Amino acid sequence: MRRTFFLLLALVWIPAVASSQPPSLQSIWTIHSSYGLARPWHLAMDANGNVYVADAAEFRVFVFTSDGAAVTSWTCPALDPLDFSPRGIAVSSDGQVYVTTPSPNGPAPFWVTAYTAAGSYLGPVGTMGSDAGQLGRPMGIAADASNHLFVTDTENFRVNVIDASGAPIAQWGGWGSGPGEFHFPQAIAVSPSGNVYVTDDDNQRIQVFTTTGAFITQWGSYGNAPGQFAGPWGIALDASGNVYVADASNNRIQVFSSTGQFLMQWGTPGSGPGQFKNPLGVAVGMDGRVYVADTFNSRIQVFAPLVTPTVRSTWGRLKTLYR
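Numbering of residues begins from 1 in every chain and follows the order in which that chain's sequence is written. Note on the predicted model: pLDDT of at least 70 is required for a residue's local features to be given, and 80 or more for side-chain atom pairs to be given and counted; whole-chain, interface and lining totals, by contrast, use all residues. Excluded from the side-chain calculations are hydrogens and water; all other atoms, namely the structure's heavy atoms, are used.

1. Points about the side chain of Asn-147
Helix and strand assignments follow DSSP, with helices taken as H or I runs no shorter than four residues and strands as E runs no shorter than two, numbered in order from the N terminus. Within the secondary structure layout, Asn-147 lies in the loop between β10 (138–143) and β11 (149–153). Only protein chains enter the calculation, and the probe is 1.4 Å; a residue is then buried if its accessible area is under 20% of its type maximum, exposed if over 50%, and partly exposed in between. Residue class for Asn-147 comes out buried when judged on its relative accessible area of 17%. Not counting chain neighbours up to four residues away, the residues in contact with Asn-147 comprise Ser-92, Ser-93, Asp-94 and Ala-164. Contact definition: two residues touch when any of their heavy atoms are within 4.5 Å.

As structure tokens, then:
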């Protein structure tokens, strides 16, 4: 009886851990290059499982099925082809596609553009500037269930929330390293519960907010240990609320719980299967498969869903089992 009691205590106090086994590689898609070298940047998925790729060096958006078959691609008819250098991409619940375009060759008349799922151009969203709702070099973009757009506004060091017409809803941030401040925010993701996750690149951390900008928590610091970052860029959430971060200069993907507990990581520098060269984007399908924009290898790598972490029973749960 005493031995059973001590075993139960061990189960209570050992923290939950995830499997250290990295997800298996399922496929690799090489991006067709017209301009010499593709640069898949950020990724998004629609309700049908199609994968949208913002390619900064190919100056276009590519669309694939979840298994890698090419569906379509497009550029922006309102911009010079070499000024359409898409970085962030999001698909709203009504199927519209939004792309951020921080033009590398000079100022563009607008920096967020909207399209149908088939690539038909719908027009610009928002205007340039630093006033409420205006954008200065937007990078990451995400859409919530109400089709509000959350945009990382890198030159203004803030998050902007706008509606589909560009009208301002909320904004927060400012330059700095304190809670709620940013130093070049990059990617952004919104959970179904309404939490907003932002990769704060030069501060080497993840920050979490409510949809109105109230600070919730943060984690990360510079380095290559688990939970540290060297250029956090892409970010995505799975159906369980786990947070996937493309840790670009460390050439790996890290996975955390919704509150920032480190769960696992995979990836090493290189060009072989399962290796990365500055991965900048990540997305998770409804089936749990993980899509990584292996940016400087000019490809997308697809991984199997993660093994569900083993969660130890709580003391309350054990009492109900053994009373």
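2. Thoughts on the pattern of salt bridges
Salt bridges are counted wherever a side-chain nitrogen of Lys or Arg sits within 4 Å of a carboxyl oxygen of Asp or Glu. Overall, the coordinates contain six salt bridges when judged by the stated rule. Ionic pairing is found between Asp-200 and Arg-205, a salt bridge with its closest N-O pair at 2.8 Å. Overall, the relative accessible area of 0% leaves Asp-200 in the buried class. Taking the shortest distance from any N to any O, the salt bridge between Arg-252 and Asp-247 comes out at 2.8 Å. Given a relative accessible area of 0%, Asp-247 falls into the buried group. Three or more residues joined by partner-sharing salt bridges are found here, namely Asp-67, Asp-287 and Arg-289.

3. As for the sheet that holds strand β18 (residues 232–237)
Two pairing modes exist for strands in a sheet, parallel and antiparallel, and in both the strands are linked by backbone hydrogen bonds. We treat two strands as partners when DSSP finds at least two bridges between them. Taken in spatial order, the four strands make up an open sheet running β18-β19-β20-β21, and their pairing is antiparallel. The sheet terminates laterally at β18 and β21 (262–266), the two strands that pair on one side only. On average, each strand axis in the sheet is tilted by 20 degrees relative to the strand beside it, whichever way the strands run. Across four bridges, strand β20 (residues 252–256) lies against β21 in antiparallel orientation. Residue pairing for β21: Val-255 is matched across the bridge by Met-264. The angle between two axes is taken between their N-to-C directions and runs from 0 to 180 degrees, where each axis is a line fitted to C-alpha atoms and a helix contributes only its stretch in contact.

4. As for the packing of aromatic side chains
Here is the rule: rings of Phe, Tyr and Trp (six-membered ring for Trp) pair when centre to centre is within 6.5 Å. Planes less than 30 degrees apart are stacked, more than 60 are edge-to-face, and the remainder are tilted. Under the defined criterion, the tally for this structure stands at 17 aromatic pairs. Seen from their ring centres, Tyr-115 and Tyr-121 are 5.7 Å apart, and the 55 degrees between their planes marks the pair as tilted. Judged by relative accessible area, Tyr-121 falls into the partly exposed class, the value being 27%. Look at Phe-229 and Phe-256: their rings are 5.8 Å apart centre to centre, the planes differ by 50 degrees, and that puts the pair in the tilted class.

Just geometry here; none of it tells us what the structure is for.
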